[in-house]
Every structure is written in C-alpha cells, then in structure tokens.
Amino acid sequence: MLIFSIVSMALIVLLFAGLMLWDKARRSLVLALRSLWLHRLRAFLSVLGIIIGTGAVISLMAFGEGSMQDALDDIRRMGANNIMVRSVKPTEESSSSRRSYVAIYGLTYSDFDKIATIPTVTKMVPMRIFPQEARRGFRATNSRVVATIPEYLDIHNMETRLGRFLVPDDEILLRNVAVLGNELANRLFPFEDPIGQEVQLGSFYYKIVGVMKERSTGSVTTEDLNLDVIIPIATARVRFGEKIFLRSAGSRSAEKVEISQITLSVNEIDKVRPTGEVIRSMLAGHNKSDWTVSVPLDRLEEAERAKERYKLLLVLIASISLVVGGIGIMNIMLATVTERTREIGIRRALGAKRRDITLQFLIEAVVQTSVGGVLGICMGLGLVVLLPWVSETFWEV
C-alpha cells in the first residue's frame, strides 16, 4: 500500500512537470489555479469526495491487509510441513443412562508409536496439556501446563527470551524444571528476574530455567501461549499421574488423556496431505471420535485464497468510491462551464480556439482530482500510522 501511494504521487508530479514544459499548457495551468483559488470553497467541496474516498480506501486496504497477514503468519508459524494430531473429548451420548466419573479418551502412546513408523515423518513431539493454577507466594494465575520434550521449541518455531529451554537430561532425570510463558512470568515476577526462582504447580515446586518470547495469539489459535508452563513430559507423568482432576463451580470431574497433542514434521511439503490421510486411517480403529488431524498447509492455502478474494473486493470498493468522487467533480465542472459563458465568449472573441477552452477546463479538472488524490493519500497514510498509536496509547487492544 505504501509503494502504491508513492507511485501515485510520483505520477502526479511527472504529470505536472510535463505540463510545465509546454508553454500553452503552462499558461492554462496558471489560469486554472487562479480560477480554483477564486472559488476555494467550491473547489474544496468538489474534491472532498476524492479525498475521503482515497483516504478510506488506503486505510481500509492497509488494515485489512494487516489483519489477513497476521492470520497467515499464525498459520505459517505452525509450519507448512507440520501435521497436528489432537485429542478431542467426545460428546456425551444422550441415550447413555450412566456417565463415568473419569473420562477416558484421546491419543495414547501406542498411537504415538504407530505414527512414528510412517517413513515420511522426520520429527514428532508429544504434548500433554491441562489447566493448572500457577502460584508464587500470594500471586496466583490460571495457566496451562504443557508437558513435552526438548524438540517442542524447534518444531513450533519458538524462542526463549531468558534462560534456556528443556534439555534431554531434564526428561531422563525427572527434574522439576519449568519454562514460563512471557505473560505468566510478568504476572508472577513483575519486578524481578524469574530465572532460578520457583513456581508451584499443584503440590510440587518447579525451578524456573527459562522464559519464552512473547507470542501473539492472533486469530487462528484461541489459546494464550504466553500463559503456558512448559515442563518435561516424563516429570508430568510422575508428578500428576495419568488422571487430571478438574474442578468447576458445583462440579468435579476427572480426565485420563495420555497425549493431548502430537505435532509431527514431514520431510517434503508434497507429502503432507498423504501423510495426514495415513494418520487418519491409523486412528480409525478408535472406538469413538476422540481425535482430530489438522494440516496447517490446508489452512494456509485457504487463507491465501481468501486474502486474494478480499483484495479484489477492496479494489471494487475503491473503484466505486473514486467513480462517485469523479462524478461529483464532473457535475461541478459542468456547472462551472455554464456559469462562465461570458468568459468563454470573451476568450473566443480574442482568438482562443475551441481546444484551448477545452484544455483549460480539462486542466482544472486534472488539478482538482490530483490535489484531492494527494490529500487523500496523505489522510490514508496518516490514519494508518495514527490509529495504531492511539489504540495502543488509550485502549488496550
């Protein structure tokens, strides 16, 4: 959008430079500017449609492009070569007369071993995810425990801001270590360095060895990754057991999920979809629909197609806005010709030709549209720069 605005302004400058090189066009330009200056209010009102239309189109396309790009970036961060297999809690059948206190569902380590036999899979990361209150002294925050392995960092394209991430020895030695999300670290340790401190999860204390960089939630993922507590998956199995007890207002339940999610990477992007189909066929043996396979590549391509459709729609809106503004200028110029009949007659009597009169009114129209376009571009770029600053300063977005 910025490049388009710069190119438009450069073309306008070249147009007026070309007019100044032609003597007759230069005299007509001076007369046009003088006429417009004598009727400043009318000229301004006639170009107001162009100013508002151009500014609105630029700001609308900029904000629309930015929001679409955020969604695309979220999907790209998932990895175009990645496949995500998640455990999904099946819906309770209405015909069942008895509900089990412990809900047993989802992926198992047996499923993990089966998927590992697929030749196209190069890397696999199991995760066990469940809600848990993180406490440090009198400060407490609802967070998510993400129990995983050291490869989690690479396969999800994430980075640490402080300290380190999990290492293989943490898994082997069942260490009580944790890596905090950026927002969680700020809430629990607002004025001090969290590295080396301890955070309480359930009945156990975990030494903080790292803090993740801030990660935008975006419009694709609903979870706030900045409130995660990442611990070794082997430690989680020992400390929390296989069952996770959930408490809510007036109810208490438990879930037994061995693996909440498996993120795997495929060696070639062309083999991502076939690998996804193979995984679906492997998991089809489950007695209930307690899993889902998500391919970010499909979502990325669909989002890119939606982005192209959105851009075409904005171009259509821009065309309509500019045509309406142009019609407004055309009406004013038509009225101007009618008003200036005496001036036209005097110029014809002094020897001006028909094309000279036409050239003068044409240059007046060009000047109005050019000035309106430049002011509209400035207004649109100003809105693009100013509105984010205003929202960050006065509102929390």
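Basis of the calculations
Residues numbered from 1 in each chain as written. Predicted model: local features only at pLDDT ≥ 70, side-chain atom pairs only at ≥ 80, totals over all residues. Heavy atoms only, no water. Helix = DSSP H or I, 4+ residues; strand = E, 2+ residues; numbered from the N terminus. Buried < 20%, exposed > 50% of the residue type's maximum accessible area, 1.4 Å probe, protein only. Contact = heavy atoms within 4.5 Å. Areas by Shrake-Rupley, 256 points an atom, 1.4 Å probe, with all protein chains shown as cover. Patch = residues over 30% accessible without salt bridge, like charges linked within 9 Å, V, L, I, M, F, W, Y side chains within 5 Å. Salt bridge = Lys/Arg side-chain N within 4 Å of Asp/Glu carboxyl O. 1 Å grid on protein atoms, 1.4 Å probe; cavity = no way out; pocket = protein on both sides within 12 Å on 5 of 7 lines; lining within 4 Å. Points joined across faces, edges and corners; volume = space filled by probe spheres on them. Nonpolar A, V, L, I, M, F, W, Y, C, P; charged D, E, K, R; others polar. pLDDT = per-residue confidence, 0-100. Phe/Tyr/Trp six-rings, centres within 6.5 Å; stacked < 30°, edge-to-face > 60°. Lys NZ or Arg CZ within 6 Å of the ring centre and 35° of its normal.

K.L.:
Outline the overall build of the chain, listing residues and values.
P.N.:
From N to C terminus, the chain includes twelve helices and 13 strands. Put simply, the chain has 397 residues, and 40% of those count as buried. Considering only contacts in the chain between residues 6 or more positions apart, those separated by 24 or more positions represent 75%. Just so you have it, the chain exposes about 22400 Å², and 61% of that area is on carbon and sulfur atoms.

K.L.:
Please give an account of a nonpolar patch on the surface that cites residues and values.
P.N.:
Taken together, the side chains of Leu60, Leu313, Leu316, Ile317, Ile320 and Val324 make up a nonpolar region of the molecular surface, amounting to roughly 520 Å² of accessible area. Looking at the nonpolar patch, the element that brings in the most residues is helix H10 (residues 296–339), giving five residues. Here isoleucine 320 is to be found in helix H10.

K.L.:
How would you explain the side chain of glutamine 368 if you had to name every residue and give the values?
P.N.:
Along the polypeptide, glutamine 368 turns up in helix H12 (residues 354–394). Exposure remark for glutamine 368: the relative accessible area of 4% places this residue in the buried category.

K.L.:
How would you sum up the environment of tyrosine 310? Please name residues and give values.
P.N.:
Topologically, tyrosine 310 is positioned in helix H10. Overall, the relative accessible area of 30% leaves tyrosine 310 in the partly exposed class. For the pair formed by tyrosine 310 and glycine 64, sequence separation is 246 residues and the distance between their alpha carbons is 8.2 Å. Apart from residues no more than four positions distant in its own chain, tyrosine 310 is found in contact with Gly64 and Met68.

K.L.:
Describe the environment of alanine 134, and please don't skip the residues or the numbers.
P.N.:
Along the polypeptide, alanine 134 turns up in strand E3 (residues 121–136). The class for alanine 134 is buried, based on a relative accessible area of 0%. When the C-alpha positions of alanine 134 and leucine 180 are compared, they lie 10.0 Å apart, and in sequence the two are 46 residues distant. Ignoring sequence-local partners within four residues, the contact set of alanine 134 consists of Arg139, Ala140, Thr141, Ser143, Leu184, Leu188, Val199, Gln200, Leu201 and Val229.

K.L.:
Give a description of empty space enclosed by the protein that names residues and reports values.
P.N.:
Where empty space is left becomes clear once a probe the size of a water molecule has been rolled over the atoms. Taken as a whole and judged by the stated rule, the model has one cavity of 30 Å³ or more. Empty space within the largest cavity amounts to approximately 70 Å³. In terms of lining residues, the largest cavity is bounded by Ser35, Leu36, His39, Arg42, Ala43, Ser46, Ile332, Met333, Thr336, Glu364 and Gln368. Of all the elements in the fold, those that place two or more residues in the lining of the largest cavity are helix H2 (23–38), helix H3 (40–78), H10 and H12. Broken down by class, the residue content of the lining of the largest cavity amounts to four nonpolar, five polar and two charged.

K.L.:
How would you explain the confidence of the model for the chain if you had to name every residue and give the values?
P.N.:
Chain-level statistics for the chain give a pLDDT mean of 80 and a share of 83% at 70 or above. Low pLDDT, under 50, characterises residues 93–98; the predicted model gives this stretch zero contacts beyond four residues in sequence or across chains.

K.L.:
Hey, could you go over the packing of aromatic side chains for me, with residue numbers and the actual values?
P.N.:
According to the stated counting rule, one finds two aromatic pairs in the structure shown. Between phenylalanine 130 and phenylalanine 240, the aromatic rings sit 5.0 Å apart at their centres with planes inclined by 65°, giving edge-to-face as the arrangement. Of this pair, phenylalanine 130 sits in strand E3 while phenylalanine 240 sits in helix H8 (residues 233–240), and the two are 110 residues apart along the sequence. Since its relative accessible area comes to 4%, phenylalanine 130 is described here as buried. The class for phenylalanine 240 is buried, based on a relative accessible area of 17%. Each ring, one from tyrosine 152 and one from phenylalanine 165, has its centre 6.0 Å from the other, and the planes form 10°; the classification is stacked. Taken together, the residues tyrosine 152 in helix H5 (residues 152–155) and phenylalanine 165 in the loop between strand E5 (160–163) and helix H6 (168–172) connect sequence positions 13 residues apart. The ring of phenylalanine 204 has arginine 239 lying over it, and the distance from NZ or CZ to the ring centre is 5.5 Å.

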